[in-house]
Amino acid sequence: MAEPLLAIRGISKSFGSVAANVDISFEVAPGEILGLIGPNGAGKSSLFNIIAGSIVPDRGEILFAGRRISGIGAVACARLGIGRTFQVVRSFDSMTVLENVMVGAFLHARRSAAAMRAAGEVIAFCGLAGRQDVPAHRLSPPDKRRLEIARALATRPRLLLLDEMLTGLTPTEAREGMQLVRDLRAQGITIIMVEHVMEVLLPLIDRAIVLDLGRKLLEGRPAEIVRHPDVIRAYLGDRYVA
Amino acid sequence: MAGAARGTLTMRRRREILLGAAILVFLALLPLGVGNVYLRGLIVLTLLYAGLAQAWNILGGYCGQISLGHALYFGIGAYTSTLLLTRLGVSPLFGMFAGGVLSGGAAFLVGLPCFRLSGHYYVIATLVIGMMVALLAANWDFINAAQGITIPFHQESWTDLAFRTAILPFHYVMLAYAALIWLIAWLIEGSRWGFFWRAVKDDVAAARSLGISIYPSKLAAAAISGAATGIGGVLYAHYIGFIDPDSTLDLSLSVLIALPAVVGGIGTLWGPLLGAAVLIPVQQLSVAWLGSAAGGIDLMVYGALIMALALARPEGLVSFFQGRAREEAADHG
Ligand SMILES: Nc1ncnc2c1ncn2[C@@H]1O[C@H](COP(=O)(O)OP(=O)(O)OP(=O)(O)O)[C@@H](O)[C@H]1O
Ligand SMILES: [Mg+2]
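Notes on the structure follow. This is a predicted model, so every value here is computed, not measured.

Scoring rules and cut-offs
Residues numbered from 1 in each chain as written. Chains lettered and ligands numbered in written order. Predicted model: local features only at pLDDT ≥ 70, side-chain atom pairs only at ≥ 80, totals over all residues. Heavy atoms only, no water. Donors = N, O, S within 2.8 Å, 3.2 Å for Na, K, Ca; no water. Helix = DSSP H or I, 4+ residues; strand = E, 2+ residues; numbered from the N terminus. Buried < 20%, exposed > 50% of the residue type's maximum accessible area, 1.4 Å probe, protein only. Contact = heavy atoms within 4.5 Å. Buried area = accessible area lost by both parts, 1.4 Å probe. Salt bridge = Lys/Arg side-chain N within 4 Å of Asp/Glu carboxyl O. Near = heavy atom within 4 Å. Polar contact = N/O pair within 3.5 Å; in protein donor to acceptor, adjacent residues only side chain to side chain. Nonpolar A, V, L, I, M, F, W, Y, C, P; charged D, E, K, R; others polar. Pairing = 2+ DSSP bridges. Axes fitted to C-alpha atoms, helices over the stretch in contact; angles between N-to-C directions. Parallel < 35°, antiparallel > 145°, perpendicular 65-115°, else oblique.

Topic: the coordination of the magnesium ion (ligand 2)
All names here are of chain A.
Alright, step 1. Taken together, the protein donors to the magnesium ion (ligand 2) comprise Ser 45 (OG) and Gln 87 (OE1), at separations of 1.9 to 2.0 Å. Of this pair, Ser 45 sits in helix H1 (residues 44-51) while Gln 87 sits in the loop between strand S6 (82-84) and helix H3 (97-105); the two residues are 42 residues apart in sequence, bridging distant segments of the chain.
Alright, step 2. Taking the relative accessible area as the measure of exposure, Ser 45 reaches 22% and is therefore partly exposed.
Alright, step 3. Here Gln 87 falls in the partly exposed class, since its relative accessible area comes to 36%.

Brief notes about unusual backbone geometry
All names here are of chain A.
Alright, step 1. With a phi angle near 50°, Leu 213 is a residue other than glycine that sits in the positive phi range.
Alright, step 2. In this fold, Leu 213 is placed in the loop between strand S9 (207-212) and strand S10 (215-220).
Alright, step 3. The exposure class of Leu 213 is exposed, given its relative accessible area of 66%.

A short note on the interface of chain A and chain B
Alright, step 1. Every contact between the two is made by 33 residues of chain A and, on the other side, 29 residues of chain B.
Alright, step 2. A combined buried area of about 2800 Å² lies between chain A and chain B, and 62% of that area is made up of carbon and sulfur atoms.
Alright, step 3. Seen at the junction of chain A and chain B, the total is 3 salt bridges.
Alright, step 4. Where the side of chain A that touches chain B is concerned, the elements lending two or more residues are helix H2 (74-80), S6, H3, helix H4 (112-125) and helix H5 (141-153) of chain A.

Here we look at the site of ligand 1
Residues and elements named next belong to chain A.
Alright, step 1. In the vicinity of ligand 1 there are 14 residues, among which Asn 40, Lys 44, Ser 45, Ser 46 and Gln 87 approach most closely.
Alright, step 2. Between ligand 1 and Gly 43, the relevant distance is 3.0 Å, taken from an oxygen atom to a main-chain nitrogen or oxygen of the residue.
Alright, step 3. Contacts to ligand 1 include Glu 164, whose side-chain N or O atom sits 3.4 Å from an oxygen atom.
Alright, step 4. Sorting the residues of the shell around ligand 1 by element identifies strand S2 (18-28) and H1 as the ones contributing at least two each.
Alright, step 5. No other element matches the 3 residues that H1 contributes to the shell around ligand 1.
Alright, step 6. Looking at the shell around ligand 1, its residues break down into 5 nonpolar, 7 polar and 2 charged.

A few points about the pairing of strand S3 (residues 33-37) of chain A
Residue and element names in this part refer to chain A.
Alright, step 1. Counting buried positions along S3 yields 5 of 5 residues, so the element is predominantly enclosed.
Alright, step 2. Residue alternation in S3 divides its side chains into two sets, Ile 33, Gly 35 and Ile 37 and Leu 34 and Leu 36, and both sets are buried.
Alright, step 3. Pairing of S3 with S9 involves 4 bridges; the strand directions are parallel. Within S9, the residue paired with Leu 34 across the bridge is Arg 207.

Regarding the packing of helix H2 (residues 37-62) of chain B against helix H11 (residues 251-264) of chain B
All names here are of chain B.
Alright, step 1. At their nearest, the axes of H2 and H11 sit 8 Å apart, and the two run at 80° to each other. Judged by the inter-axis angle, H2 sits roughly perpendicular to H11. In this structure, H2 uses Tyr 49, Leu 52, Ala 53, Trp 56 and Asn 57 to contact H11, whose residues at the interface are Leu 253, Leu 256, Ile 257, Ala 258, Pro 260, Ala 261 and Val 262.
Alright, step 2. In terms of residue class, the contact of H2 with H11 is built from 11 nonpolar, 1 polar and no charged.

Keep in mind these numbers describe shape, not what the thing actually does.
Structure (structure tokens):
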């Protein structure tokens, strides 16, 4: 692998007696789309929060573009170029779509005209052009997901973390979402995405990490993952293992 | 389509400034139509509270940090300029500056420990600090303790803000004040800081994920809000010509500063003005008609009105005017 954009080294995190992440290590290459798969409570979101800086790990370190970022906090991570969405959507509900995305654009823009221009471009890219002046709280669920991506994108991230952005969407909406992810990669953005449903994720990703009960079960290309007995066991239970 | 939509925010802001200018002209001409001295006094007070409530709104409305201690900043402004004038002969024009800086600094200092607290604790902390300072001031001889300070009248002077009959000149002083704070709020709404503050109010975790530092944002909002409130305190002191802890530092004043913004529409440009225009006359008239002899009936009337408004329009009075526009936006969406 080329010089990795992100290197996770021996990350562990417990909440009380719950071990959310246990000794997780992997690397992400620039331009890659990495899938993070695992059943409920596997520790996917917890790991996302650690990479994005909003949770400090108990042990281990994270390097982003060669720089140690574990412990520096969510604000510093965002400024270094890590963008994220949340599993439970968090929009700024007193603002319109345009204003939401301008907040992100203001990370680089000083003047509001510049922020507005940058936000407009990102909004169009994410397929929300007709919705600019709609209050965020009025958006449909799939549009809210797009808004979160647009807002993160406005900060011009190098790495984008997408937590279950396709969950709960109709097949058509999910296909549009997948196309958006491909477009993002074409822009040169490295992506890590969490998803429950493997069928949607597998055709999209270059590589997957499977987590179960906080541990890394395995790592590999999509085709290897689906055939692996451990994955089948984790998802469907022992009796399905041939 | 996208181009037209992109202009909406810009156009809205342009409409606001035009409407603001129209209201300013109207209010500047208002004394021509209102001869009654009592009514003129009422308008002066309303303008003061429109400015104060907007100052409060900068922190409470835009940044979402509800303060019940803003009388502290008002009082610091009032005392600073009064002491400077009566003890050192310094003009209130400088007093305004000094009062603004000191009250802004005080709001910053209160924020340093209190913004480490979460949620409702900030409200309680500001309330307690405000009451503590009022108590201390009432026992502090250097500032004449509970007796208060009278500003003696020597001669008519704009630089001393001293007038034989103060009402008409102060109509324009308070109008300038209310207009200035409104303009500051308008500028904040369109600025980088304003966007950050609203993001902090709406969702802290999402704001952090976009690179916004929460604590400095709150401190900046508090400092500006406190300074704007303190300038109002300075103007009040020279208008009335007498200050004491009861009239400049009391908890009831903190509530009176916050209420117009809350009733009118928190975090909006027009809410504080609208709220002041409704609440201050009602409050003053119920005091005048029912009198303090009735023992708090004025407060009951006042309280009942606020309850009724809160039930009828939880989003504030501005929503009377916004209802149409919102629905139209939704139809297009
Ligand atoms: N902030 C937190 N505080 C306490 N416990 C947490 C926290 N975050 C995660 N956990 C716990 O850690 C474990 C892993 O949770 P996590 O949210 O990372 O799972 P997940 O893989 O994202 O699951 P899901 O697919 O349901 O979103 C769970 O048992 C959860 O209860
Ligand atoms: Mg999760």
